[in-house]
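Observations on chain architecture
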Amino acid sequence: MQDAAPRSPVRAELRDPAWRGRLTLLVLAAALTWPLLVASEFRPWQLLDPQALEAASGFLRSFLPPAVAPDFLLLVAEAAWITVATATGGLALALVAAVPLTLIGTARLSQSGIGRPMGRLPAVVRQAVRWLLIFLRSVPELVWALLFVRVVGLGPTAGVLAIALTYCGMLGKVYSEVLESADAAPTDAILRNGGSRLQAFLYGALPQSSPELVSYTVFRWECAVRSSVIMGFVGGGGLGQQMEMSMKMLAGGEVFTMLVVFVLLVALADLVSRALRSQLDGPARRARSTAGAVVPGPAPGEERRAGLAAGPSGRPDAMPRGPGSLAWPAAIAVLAIASFVTLDLRWRDFLAPDALGAMAEFVGAFFPPETSGAFMARIWQGALETLAMSAIGTLIAAALGLALALAASLPAGRHPAGLLRAGTRLLLNMLRSIPELVWAALWVIAAGLGPFPGTLALAAHTTGVIGRLFADTLENLPPAPARALRDNGASPLAVFLYATLPQALPQMTSYTLYRWENNIRAAAVLGVVGAGGLGQMLHFHLSLFQMQEAATVVIAMLAIVAAVDALSYALRSRMGR
């Protein structure tokens, strides 16, 4: 009997024992990606069309020289303040509404938290509060703004109310999670001795959770500043409204000036937010550093808790004390008061009896939602475009973000690698500073109407966010596995594939899923500037006062956001096992 044929000449150390599973996964991913590419009308060659190149290059040439006339700069400064004040006022209202809802919806603060039976009515109320918070945060703030503009007219009132409702849902959810994860002993002791829910909160949960609650609130203010700019595109005032007007007039110099101001404004908000968070979590970080633990950097752009690192006891350290600790709260209070005083808020129009009647009539016009077969087919097409834009945009961003993260995680210093690192990080900050809606408005000029510019907009913004997160992940990896491979003569590619990537992949996948959740909400509103999907349908039907059709679009948005949230949560939970 002859010997078996010799094996492949590939060296044993280069064979991948899991190649069958990896190849199967790759084929399945390609099979799933192809229909999404078709649905998103992903045709990059459109950007090379002579007419598209001429339109884009002409618009970009119009950026220079920037508009710096004193009157225009004064107008931009006023719009920038309106943007900040709208974000601050909206978040302040969200905070006022979120705190009582959190107290009602947190099981840790109730008698059921210590094992006592819960009445039917309190159980129903708690579940209703949780559903309300889910509903509030599932509707994008731009959709709320579109609705309120119809009720109170153009101006910052619609933007403040839109941010207040959406961020109330977000704050309520995270506040409840923070309180539920707190040490149960203090609250249990208060409740067992006859204390009320409010006493359990004030004297049991709040003292140990206050740093984390404050840190997340500041992080949401940073996000609200970005959202406030988007509000302007639908009549909410501020920089967004001015930018939309300049883009319609193809005034490139004005657009460029406002883009620079907007990037600086977001960078300033990020700086203030980081400074305050650093003051809050400094003691905890120092404690962990002293203990030798790896302290990851903050997660810019993430909706997860921008909370504090836990101290050695497993809980966040105490808030900073002393006169200096009062400076930030005083500054925030002054900013909030100045925001409400200076904004042209039309509460009288919103709360007047005739206004409430008009609002009820306006809401009643949404019922019953349109459910005809032809319209539902259009809804399905719009939902598919929205889903495809978010998925393809996130995938492109993950690939580009990983490539840029490799450069952004190089050693810092005054050498070529250090300069490449600094330049890449500056590029990532610029990409993420411009909201998706502004990117979409710019891409529409080059790529025309449809879901393709929406996909490019999501990819551009998300690349900045994911690239920064990936870079922080790579920097925080334990160096031992990579060093062992290098010491044994492995090439840089082999070190990355077999040491760096396997360690970083779970965290990177988790970040990508989080961003997909965010992008599905963003994709639902990009259609406001002509980027296709459900957002374009909503804007179209609201413009024609076809409320029943608009109601069906909003329901479809809620369904797709909830489905993606559930899928993403299930995937992350499976990865965390």
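Per chain, the residues get numbers from 1 upward, laid out in the order the sequence is written. For a predicted model such as this one, the threshold for reporting local features is a pLDDT of at least 70, and the threshold for listing and counting side-chain atom pairs is 80 or more; totals across whole chains, interfaces and linings nevertheless cover every residue. The basis for every side-chain value is the complete set of non-hydrogen atoms in the structure, without hydrogens or water.

**Here's the deal with a nonpolar patch on the surface**
Only residues whose relative accessible area exceeds 30% and that take part in no salt bridge are eligible for patches, with like-charged residues grouped when within 9 Å of each other and nonpolar side chains (Val, Leu, Ile, Met, Phe, Trp, Tyr) grouped when within 5 Å. Using a 1.4 Å probe, the Shrake-Rupley method yields the accessible areas, and only the shown protein chains count as cover for residues. Salt bridge, as used here: a side-chain nitrogen of Lys or Arg that lies within 4 Å of a carboxyl oxygen of Asp or Glu. On the surface, a nonpolar cluster with roughly 290 Å² of combined accessible area is contributed by Leu23, Leu26 and Val27. Inspection of the secondary structure assignment puts Leu26 in helix α1 (residues 19–39). Each helix is a run of H or I in the DSSP string that is no shorter than four residues. Each strand is a run of E no shorter than two, and both are numbered from the N terminus.

**Focus: the packing of aromatic side chains**
Any pair of aromatic rings gets described here by the distance separating the centres and the angle formed by the planes. A pair of Phe, Tyr and Trp rings is counted when the ring centres sit within 6.5 Å of each other, with Trp represented by its six-membered ring. The angle between the planes then sorts it: under 30 degrees is stacked, over 60 is edge-to-face, the rest tilted. One pass over the full model with this rule turns up three aromatic pairs. Judged by centre distance (5.7 Å) and plane angle (40°), the ring pair of Phe63 and Phe256 falls under tilted. Residue Phe63 is located in the loop between α2 (50–61) and α3 (70–105), and its partner Phe256 is located in helix α10 (residues 252–290); the two are separated by 193 residues in the primary sequence. Remark: exposure states derive from per-residue accessible area (1.4 Å probe, protein chains only) relative to the maximum for the residue type, with buried under 20%, exposed over 50%, and partly exposed in between. Given the relative accessible area of 11%, Phe63 is considered buried. The partly exposed category is assigned to Phe256, whose relative accessible area is 29%.

**What to know about unusual backbone geometry**
Cis geometry marks the peptide bond from Leu64 to Pro65; its omega dihedral reads -5°. Note that Pro65 resides in the loop between α2 and α3. Cis geometry marks the peptide bond from Phe367 to Pro368, where omega comes out at -10°. With respect to the helices and strands, Pro368 occurs in the loop between α13 (353–364) and α14 (373–408). One non-glycine residue, Glu41, lies in positive phi territory at about 50°. Relative to the elements of secondary structure, Glu41 occurs in the loop between α1 and α2.

**Focus on the pattern of salt bridges**
In the structure shown here, the tally under the stated rule is five salt bridges. With a closest N to O distance of 2.4 Å, Glu475 and Arg421 form a salt bridge. In this pair, Glu475 sits in helix α17 (residues 451–475) while Arg421 sits in helix α15 (residues 416–433), placing the two residues 54 residues apart along the sequence. The exposure class of Glu475 is partly exposed, given its relative accessible area of 36%.

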